[in-house]
Amino acid sequence: MGWFRDRIRGFARDETATATMEFVIMLPIVMTLFVAVFETGMILSRQVLLERSLDEAVRILRLSRGLNLTAADIAQAICDNTGAIRDCDRVLVVDLRRIDQTTYALPEQDVTCVNRQDIDVTPANLFEQGQDNDLILIRTCAIIDRILPFSGFGLNLARDDTGGLHLVAASVFVNEPD
């Protein structure tokens, strides 16, 4: 019996492999933090690509005076320029509104995004190209999924019922006269 007690005491006093124990305890925390930071960076990269694609679409709108463009045409132009948003043609919504230049009143801040549970529902967004010298606000909303449920926790992004994040980009331009 004394031999067993000495063996336990020796094991408790042994300091070999203590670094391994610290590593085993800290590895899941460090890996979780790494993946969360990586995914937050991916979300922000998608946001930047959406903004860039919107800028390209605004250029198309400004240069295509006289053409009859639809929201689907602009959405397709945005989706063609960004490959980072999966199923872009299904999850992207375009909202184009004329801003009243007497009051400069902006529309409500929320942009209606696609309801992924019922994809056939058309959101209540507008598409008004306006006339010459009109001030136009264009907004887009795309829904992306996260890898981890807690990633992007520091970002102030709206979420839908399915857990998808709403990426919103907006731009303002003036319709130039012919």
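Here the structure is a predicted model, which means the values were calculated and not measured. (Residues numbered from 1 in each chain as written. Predicted model: local features only at pLDDT ≥ 70, side-chain atom pairs only at ≥ 80, totals over all residues. Heavy atoms only, no water.)

1. Some thoughts on the overall build of the protein chain
Our working rule: Each helix is a run of H or I in the DSSP string that is no shorter than four residues. Each strand is a run of E no shorter than two, and both are numbered from the N terminus. Residue exposure (1.4 Å probe, protein chains only): buried if accessible area is under 20% of the type maximum, exposed if over 50%, otherwise partly exposed. Any pair of residues with heavy atoms lying within 4.5 Å of one another is described as a contacting pair.
When you go through the protein chain residue by residue, the secondary structure sums to four helices and three strands. In the protein chain, the order of α-helices and β-strands from amino to carboxyl end is α-α-α-α-β-β-β. For the protein chain, the proportion of its 178 residues judged to be buried stands at 33%. Considering only contacts within the protein chain whose residues lie at least 6 apart along the sequence, 76% involve residues at least 24 apart.

2. Looking at a nonpolar patch on the surface
Here is the rule: Each patch is built from residues lacking any salt bridge and having more than 30% relative accessible area; the joining distance is 9 Å for like charges and 5 Å for nonpolar side chains (Val, Leu, Ile, Met, Phe, Trp, Tyr). For every accessible area listed, the method is Shrake-Rupley and the probe measures 1.4 Å; residues are considered covered only by the protein chains on display. Each salt bridge in this description consists of a side-chain nitrogen of Lys or Arg and a carboxyl oxygen of Asp or Glu lying within 4 Å of one another.
Taken together, Phe-23, Val-24, Leu-27, Met-31, Phe-34, Phe-38 and Met-42 make up a surface patch of nonpolar side chains, about 700 Å² in accessible area. Mapped onto the elements of the fold, Met-31 is located in helix H2 (residues 18-63). Looking at Met-31, the relative accessible area reads 43%, which means it is partly exposed.

3. With respect to the sheet that holds strand S3 (residues 165-174)
Our working rule: Note: two strands are recorded as paired if DSSP finds a minimum of 2 bridges between them. With axes taken as lines fitted to C-alpha atoms, and helix axes fitted only over the stretch in contact, angles between N-to-C directions fall between 0 and 180 degrees.
Read across the open sheet, the three strands follow the order S1-S2-S3; overall the sheet is antiparallel. Both edges of this open sheet fall to strand S1 (92-99) and S3, since each of them pairs with a single strand only. This sheet shows a mean twist of 15° between the axes of neighbouring strands, independent of strand direction. With 10 bridges connecting them, strand S2 (residues 135-144) and S3 associate as antiparallel partners.

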